[in-house]
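Chain by chain, the residues:
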Amino acid sequence: SWNRWATDADLVASMGLDNYRFSIEWSRIEPEDGEFSTAALDHYARICDGLRERGVDPVVTFHHFTSPRWLAERGGWESAETVDRFAAFCERAATHLGSDRIARACTINEPNIVAFCGWGLGVFPPGVSDLGRARSVGENFVAGHRAAVDAIRSAASGVPVGLTLSMQEGTPVGDTAEDVAAAQDKIDRSRAVMEDMFLQATGGGEFIGGQTYSRGRWGSDGMVGAEEGVERLIMGYEYWPQGLEVTVRRAWEMTGGQMRVWVTENGIGTDDDDQRIRYVTTALEGVLACLADGIDVAGYTYWSLMDNFEWAFGYG
């Protein structure tokens, strides 16, 4: 997409889609601390202009999983200093792009996944397995989001700003009422650090971006596998499109019914297009049910536009 963004923009416009969500890469824009690349900023400005010319809203994400090498060497998101560095990056980028280009701004993509997969589970960089450090990183992401909202607003007045969050329906299972209650307690404890601390940080923004793919089943001892009889996808998780409606309702409730909800990601990892069509149909029916109940769902963006290099499974 760096070189073929115009072809991508033509595809978006030809399908009648009205928005295109993409990220700007911090390490391209600020390859060394305090050294900003006008060429990179101009490139992203051309993407925004090209989308606008095609009648497509540019939805710009300022941090999507990756950080510059120089920042990582200073501790990355474990360091409170990163909050200020990120705010400075956001201000510089938003100033260059401006409110006439950006339709909506997403500060940080799935900070809960970055924090807990990178510092809690150790499956993403930097490969740390320490829940205490993961919680600290999550708190820095919360502060980073709030600082980014202020920075983007000051540089691009009037642009709606929000956070995107990975969310999942939680299903408690057990043989007895006591087991189910214990499982629900596990879900609530997990949500407190994986969702709630971030949902509570969205105050002051204009929207929350919900990103849902499946559900998690919990027993009294923790997460359990897929339910017998439910389809499993090639990526290992359950086919569960109805989870989107559940998480949209939860995002709305947790933000007091005051925050617009954008579905900024929803989709399915599959090589079966019939299964994909079924999934998207059911997911969108859930969105319509939310709208019918008065929930302010502002839009839906499918993930992803094309076959993509998947974070955990590559091209598989």
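Residues numbered from 1 in each chain as written. Predicted model: local features only at pLDDT ≥ 70, side-chain atom pairs only at ≥ 80, totals over all residues. Heavy atoms only, no water.

## Observations regarding unusual backbone geometry
Logical step 1: In the segment running from P125 into P126, the intervening peptide bond is cis, with an omega of 5°.
Logical step 2: Relative to the helices and strands, P126 is located in the loop between α6 (111-120) and α7 (131-155).
Logical step 3: In this structure, F65 takes a positive phi of about 75° despite not being glycine.
Logical step 4: Of note, F65 is situated in the loop between β2 (57-63) and α4 (69-73).
Logical step 5: A relative accessible area of 15% means that F65 is categorised as buried.
Logical step 6: Positioned with a positive phi, E110 is a non-glycine residue whose angle comes to about 45°.
Logical step 7: In this structure, E110 sits in the loop between β3 (104-109) and α6. (Helix = DSSP H or I, 4+ residues; strand = E, 2+ residues; numbered from the N terminus. Buried < 20%, exposed > 50% of the residue type's maximum accessible area, 1.4 Å probe, protein only.)

## Section: the sheet that holds strand β9 (residues 260-266)
Logical step 1: Read from one edge of the open sheet, seven strands run β1-β2-β3-β4-β6-β9-β10, paired in parallel fashion. Across the chains shown, the open sheet's two edge strands, defined by having one partner strand only, are β1 (19-23) and β10 (297-300). Adjacent strand axes in the sheet meet at a mean angle of 25°, parallel and antiparallel pairs treated alike.
Logical step 2: Taken together, the five bridges between strand β4 (residues 161-166) and strand β6 (residues 207-212) define a ladder with parallel strand orientation. If you follow S166 over to β6, its bridge partner there is Q211.
Logical step 3: Where helix α5 (residues 81-97) meets the sheet, its contacts fall on β2 and β3, and the angle it forms with β2 comes to roughly 160°.
Logical step 4: Across the face of the sheet, helix α9 (residues 243-254) comes into contact with β6, β9 and β10 while running at roughly 145° to β9. (Pairing = 2+ DSSP bridges. Axes fitted to C-alpha atoms, helices over the stretch in contact; angles between N-to-C directions. Contact = heavy atoms within 4.5 Å.)

## Observations concerning the packing of α5 against α7
Logical step 1: Interaxial distance between α5 and α7 falls to 8 Å at its minimum, and their mutual angle equals 25°. On the basis of their axis angle, the class for α5 and α7 is roughly parallel. When the axes of α5 and α7 are compared, the crossing they make is right-handed. On the side of α5, the interface is formed by V83, F86, A87, C90, E91, A94 and T95, while α7 contributes N140, A143, G144, A147, A148, A151, I152, S154 and A155.
Logical step 2: Per-class residue counts for the contact of α5 with α7 are eleven nonpolar, four polar and one charged. (Parallel < 35°, antiparallel > 145°, perpendicular 65-115°, else oblique. Left-handed = near helix turned anticlockwise from the far one by under 90°. Nonpolar A, V, L, I, M, F, W, Y, C, P; charged D, E, K, R; others polar.)

## Overview of the side chain of Q211
Logical step 1: Relative to the elements of secondary structure, Q211 occurs in strand β6.
Logical step 2: Assessed through its relative accessible area of 0%, Q211 is described here as buried.
Logical step 3: Ignoring any residue separated from it by four or fewer positions in sequence, one finds Q211 in contact with R21, N109, E110, T164, L165, S166, M167, T264 and E265.

## A look at a nonpolar patch on the surface
Logical step 1: Taken together, the side chains of L11, M15, L17 and M306 define a hydrophobic patch exposed on the protein surface, amounting to about 350 Å² of accessible area.
Logical step 2: Along the polypeptide, M306 turns up in the segment after β10. (Patch = residues over 30% accessible without salt bridge, like charges linked within 9 Å, V, L, I, M, F, W, Y side chains within 5 Å. Areas by Shrake-Rupley, 256 points an atom, 1.4 Å probe, with all protein chains shown as cover. Salt bridge = Lys/Arg side-chain N within 4 Å of Asp/Glu carboxyl O.)

## Some details on the sheet that holds strand β8 (residues 222-224)
Logical step 1: Spatially, β5-β7-β8 is the arrangement adopted by the three strands of the open sheet, whose pairing is mixed. At either margin of the open sheet sits one strand with a lone partner, and together these are β5 (169-172) and β8. The mean angle between the axes of side-by-side strands here comes to 45°, regardless of whether they run parallel or antiparallel.
Logical step 2: The pairing of strand β7 (residues 215-219) with β8 spans three bridges and is classified as antiparallel. Each bridged residue has a counterpart across the sheet, and for G219 the counterpart in β8 is G222.
Logical step 3: Docked against the sheet, helix α8 (residues 177-199) engages β5, β7 and β8, running at close to 155° with respect to β5.

## Some remarks on the packing of α9 against helix α10 (residues 273-292)
Logical step 1: Following both chains from N to C, one finds α9 and α10 inclined at 30°, their axes separated by 7 Å at the closest point. If you check the angle between α9 and α10, you find them roughly parallel. Between α9 and α10 lies a crossing of right-handed hand. When α9 is examined against α10, the residues L244, E245, V248 and R249 are found in contact with a partner set consisting of A283, G286, V287, A289 and C290.
Logical step 2: The residue makeup of the contact of α9 with α10, split by class, is six nonpolar, one polar and two charged.

So, to be careful, I would describe these as geometric facts and stop short of saying anything about function.
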